[in-house]
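Results of the structural survey
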Amino acid sequence: MVNFIQALIQGVAMGSLYGLIAIGYVLIYNAWGILNFAQGDMVMVGAFAVLVTHMRLGLPMWLAIPVALLICMLIGFLIEITAFRPLIDAIQQRRLIATIGIGIFLRNLVRVVFGADPYYFPPIFDNTPYKVGSLTIVPQNIWNMVIGFLLIGALTLFLKRTTMGKSMRATAQDREAARLMGINVKRSMSLTFIIASALGGLAGMLICPVFYVVPTLGTSMGNKGFSSALFGGISSDGGSMLGGIVLGLLEAIGATTISSAFQSSIAYAVLFLVLIFMPNGIFGKKESRKV
Amino acid sequence: MKRLALLVLVFALAFTGVVSAADTIRIGCYAPLSGDSAMVGKSLVDGVQLAVDEFNAAGGIDGQLIELFIEDDEQTPKVANNAVNKLIYEDNVIGIVGTVASGCVLSSMEISWDAEVPHITPIASGTSITHMGNPWIARTQASDELQAGAIVRYAVNDLGAKRIAVIFQDGDYGTGGAETVKAILKDEFDMEPVAYEQFESSALDVSAQVLNIKNADPDAIIIYTMYQQGALVAKKVRELGIDAPLMGCGGLTNAKLYELGGDAVVGLANTQTFFADASKAAPSAAEFITKFQEKYDGRIPDSNNAMSYDAMRIMIEGLKYSWEKEGSFVNTAIMEGIKSVKELPLASGTITMDENGDANRDILIIGITDGGGYELIK
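The model shown is predicted, which means the values in this text are computed figures rather than measured ones. (Residues numbered from 1 in each chain as written. Chains lettered and ligands numbered in written order. Predicted model: local features only at pLDDT ≥ 70, side-chain atom pairs only at ≥ 80, totals over all residues. Heavy atoms only, no water.)

Facing the 28 residues of chain B at the interface are 34 residues of chain A. Approximately 2700 Å² of surface area, both sides summed, lies buried where chain B meets chain A, with 52% of it carried by carbon and sulfur atoms. Inspection of the chain B/chain A interface yields 0 salt bridges. In this structure, the connection of chain B to chain A is made through 12 residue pairs in polar contact (both at pLDDT 80 or more). Contributions of two or more residues to the side of chain B that touches chain A are made by strand E7 (195-199), helix H7 (207-216), helix H8 (227-239) and helix H9 (255-261) of chain B. Per-class residue counts for the side of chain B that touches chain A are 10 nonpolar, 8 polar and 10 charged. (Contact = heavy atoms within 4.5 Å. Buried area = accessible area lost by both parts, 1.4 Å probe. Salt bridge = Lys/Arg side-chain N within 4 Å of Asp/Glu carboxyl O. Polar contact = N/O pair within 3.5 Å; in protein donor to acceptor, adjacent residues only side chain to side chain. Helix = DSSP H or I, 4+ residues; strand = E, 2+ residues; numbered from the N terminus. Nonpolar A, V, L, I, M, F, W, Y, C, P; charged D, E, K, R; others polar.)

Dropping the structure here:
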């Protein structure tokens, strides 16, 4: 039982990070009508950005993270104007391939600059585990969860309550109609991209103290985030967060109760079943655009 | 465009033609020189180059010097196949040394096997490489069988472990090694691992696996992974409050292990063929360390340097054998020479080749000390 609860905690902690990445996929999908396969690599960019600002430039953590976030936003913006905006009216496959290409480019650029070996990153929060009964709690994991949920709350408020957020949602629903209503469509699409990049980058910053900073980080995290987005429903921001947590839980519980050799198989088998019976994901709204 | 490509090709051919003088012994070497494993690939080439330079400086075999042809395999089986094809059919080499990944060796050795060219792999440890009936392959790395045997015996005989847990990464290295550990535990000690946990090489979190281990309450944990995953496992093991001793095999030896794992990996023991401390090493190893440092500006050699150097030295033994026996370099005689190496003191131990082409020798057990240094345990 203790083990089961411990597995639950680990599952939710990893899952909330998956969820943060998933939201990035969802935001961009809704605004641009396309899956951004470079979203995973923004996680890696975030991890390297904070590695540079904190470890190389020696900025204290409270300053290093905001600066790293700005770097992510800037890189996200650059990606948008170089690989997304010029292709906005191109056929779907070309746009998709452009996102894959950007991912490969980022991964290899970082590998050339920093090498392929992983880097250690110190804990952002206290990483000494403490005991609650026979449970082991690692503060960083709890913080990851809390930050994940706070961000999703903040994002929802932003999208629903602010003019900027509303115009982003309007653009996502119907670009042409939004333009006719006098919304600066270009700006709100850029903004979506920048926010999605920042969320991905932040997930990278939160994962690197429990893992490492390594150029391939984006591939593994990106896959999990993408799967979470499908789990939760690609059209639902909140759903993708929950989708991430479901994925994290499935991995943790599958490995502890059935067999660790099938850890991913179990999680992905459930994903297939969900997609077969609920093509819009667990929390997705019914609509004509499907994955 | 086509014409340009043709021109380049002609030049390239002409160039390779010019370089090779008549009286050279053409030997091929391939390794990952770009991509994620480029550092290991460079270690391989540096070790081989040292042995070649030493041989050539000593006058070669009756004045015939070795000319080394180097190819990049990008740690990808397909590219490795191309590299070996080029070495054999374009560069006309008579012997090959390479490469790092077991998967690359397994696929590319089919080509040297078909062409009947003696092939020594310095670093790949997969047991199957020398157990597929390929008469043209040999290796200087201690096979997974030798390493796993050494670490299991250390756990049971030296530490008195009764409840051994095994955790490993998926893929050729981890799965193959863990299966070997399991088989040796069964055959030699009639024991079953109390936990047998697998995770993906790209896993970001191994909590679930380590929790299973914690539940099994082991008194020793064998980690069959590379150093990056090894550090991840060690950190999680200590974080979840398990204090059983950690141990593993050659894939864990790397300065990065301590950098990534910190205090969690202190005390971790692993198998090794080479210990880079001239004062404690055998005379032949100490001699290698000195020569290596002279050539490479004082850099301390690692085990990959040592095993690659040894691979080339064993290739040279094969060449000498053939020259003495046949008066020329004949593939069958070179291979016979390679496999008849007996108790030859080299950088990575005193080596005796067996009929499969594996290098048998005593395996060292080394441990990580406070601050990330290594000590020789036995």
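Back to the write-up after that little detour.
The next thing to look at is a positive patch on the surface. All names here are of chain A. Taken together, the side chains of Lys-160, Arg-161, Lys-166 and Arg-169 make up a positively charged region of the molecular surface. Sorting the residues of the positive patch by element identifies helix H5 (139-161) and helix H6 (163-173) as the ones contributing at least two each. Of note, Lys-160 is situated in helix H5. (Patch = residues over 30% accessible without salt bridge, like charges linked within 9 Å, V, L, I, M, F, W, Y side chains within 5 Å. Areas by Shrake-Rupley, 256 points an atom, 1.4 Å probe, with all protein chains shown as cover. Lys, Arg positive; Asp, Glu negative; His and termini not counted. Charge placed at Lys NZ, Arg CZ, Asp CG, Glu CD.)

Throughout the structure, instances matching the rule amount to 16 aromatic pairs over all chains. Summarising the aromatic geometry, the rings of Phe-48 of chain A and Phe-114 of chain A are spaced 4.8 Å apart at their centres and angled 45 degrees between planes, so their arrangement reads as tilted. Residue Phe-48 of chain A is located in helix H2 (residues 39-56), and its partner Phe-114 of chain A is located in helix H4 (residues 92-114); the two are separated by 66 residues in the primary sequence. The aromatic ring of Tyr-196 of chain B is capped on one face by Lys-182 of chain B, whose charged end is 4.2 Å from the ring centroid. (Phe/Tyr/Trp six-rings, centres within 6.5 Å; stacked < 30°, edge-to-face > 60°. Lys NZ or Arg CZ within 6 Å of the ring centre and 35° of its normal.)

Take the domain arrangement of chain B next. Residue and element names in this part refer to chain B. Each domain of chain B was delimited in the assignment, giving domain 1 (2-142 + 284-360) and domain 2 (145-272). Of note, the centres of domain 1 and domain 2, computed from C-alpha atoms alone, are 32 Å apart. The interface is formed by 9 residues belonging to domain 1 together with 7 residues belonging to domain 2. Across the domain 1/domain 2 interface, buried area totals approximately 610 Å², and carbon plus sulfur atoms make up 47% of it. Where domain 1 packs against domain 2, one counts 0 salt bridges. The interface formed by domain 1 and domain 2 includes 3 residue pairs in polar contact (both at pLDDT 80 or more). Among the residues making up the side of domain 1 that touches domain 2, the classes are represented as 2 nonpolar, 7 polar and no charged. (Domains from an automatic or database assignment.)

What follows is about the pattern of salt bridges. Pairing of side chains with opposite charge becomes possible as their charged atoms draw close. Counted under the stated rule, the structure contains 22 salt bridges over all chains. Its salt-bridge partner being Glu-251 of chain A, residue Lys-224 of chain A comes within 2.6 Å of it at the nearest N-O pair. Residue Lys-224 of chain A is located in helix H9 (residues 217-232), and its partner Glu-251 of chain A is located in helix H10 (residues 237-258); the two are separated by 27 residues in the primary sequence. For the residue pair Lys-224 of chain A and Glu-251 of chain A, the accessibility class agrees, reading buried in each case. Between Glu-259 of chain B and Lys-256 of chain B there is a salt bridge, with the nearest N and O atoms lying 3.3 Å from each other. Here Lys-256 of chain B and Glu-259 of chain B lie together in helix H9, a separation of 3 residues that amounts to about one turn. (Buried < 20%, exposed > 50% of the residue type's maximum accessible area, 1.4 Å probe, protein only.)

Our next topic: helix H2 (residues 38-57) of chain B. Residues and elements named next belong to chain B. An ideal rise of 1.5 Å per residue puts 28 Å on 20 residues; H2 measures up with 28 Å between its terminal C-alpha atoms. When H2 is considered as a whole, its buried residues turn out to be Gly-41, Ser-43, Leu-44, Val-45, Asp-46, Gly-47, Val-48, Leu-50, Ala-51, Val-52, Phe-55 and Asn-56. Residues of H2 that are buried in the fold lie against strand E1 (24-31), strand E2 (65-72), strand E3 (95-97), helix H10 (283-295) and helix H11 (303-326). One or two positions beyond H2, positive phi appears at Gly-59, with a value near 95 degrees. (Expected span 1.5 Å × (residues − 1).)

What follows covers the sheet that holds strand E8 (residues 220-224) of chain B. Residue and element names in this part refer to chain B. One open sheet accounts for 7 strands, arranged E7-E6-E8-E9-E10-E14-E15; its pairing is mixed. The strands lining the two open edges of the sheet, one partner per strand, are E7 and strand E15 (374-376). Neighbour to neighbour, the strand axes of the sheet diverge by 25 degrees on average, direction disregarded. Pairing geometry for strand E9 (residues 246-248) and strand E10 (residues 269-272), over 2 bridges, is parallel. Of the residues in E10, the one forming a bridge with Met-247 is Ala-269. Each of strand E6 (164-169), E7 and E8 touches helix H6 (residues 172-189); the most contacted strand, E6, lies at about 160 degrees to it. (Pairing = 2+ DSSP bridges. Axes fitted to C-alpha atoms, helices over the stretch in contact; angles between N-to-C directions.)

A word on H10 of chain B. Residues and elements named next belong to chain B. Here H10 is 13 residues long and its end C-alpha atoms lie 19 Å apart, about the 18 Å a rise of 1.5 Å per residue gives. What H10 keeps buried is the set Ser-284, Ala-285, Ala-286, Phe-288, Ile-289 and Phe-292. Packed against the buried residues of H10 are H2, H11 and strand E11 (344-346). Among the residues trailing H10, Asp-297 stands out with phi positive, at a value near 50 degrees.

Glancing now at the nonpolar core. Core analysis: the largest hydrophobic core is formed by 108 residues, its most contacted members being Ile-207, Leu-217 and Met-221 of chain A together with Ile-221 of chain B. With 15 residues, the top contributor of residues to this core is helix H1 (residues 2-32) of chain A. Beyond its immediate stretch of four places on either side in the chain, Met-221 of chain A contacts Leu-17, Tyr-18, Ile-21, Val-43 and Ile-207 of chain A together with Leu-204 of chain B. By size, the runner-up hydrophobic cluster in this structure holds 44 residues, among which are Val-45, Phe-55, Ile-61 and Met-312 of chain B. (Core = buried A, V, L, I, M, F, W, Y, C linked by side-chain atoms within 4.5 Å.)

The subject of this paragraph is the environment of Gln-209 of chain B. Structurally, the position occupied by Gln-209 of chain B is in helix H7. Given a relative accessible area of 0%, Gln-209 of chain B falls into the buried group. Considering only alpha carbons, one finds Gln-209 of chain B and Phe-168 of chain B, 41 residues apart in sequence, at a separation of 9.7 Å. At 2.7 Å, the side chain of Gln-209 of chain B and the side chain of Gln-263 of chain A are in polar contact.

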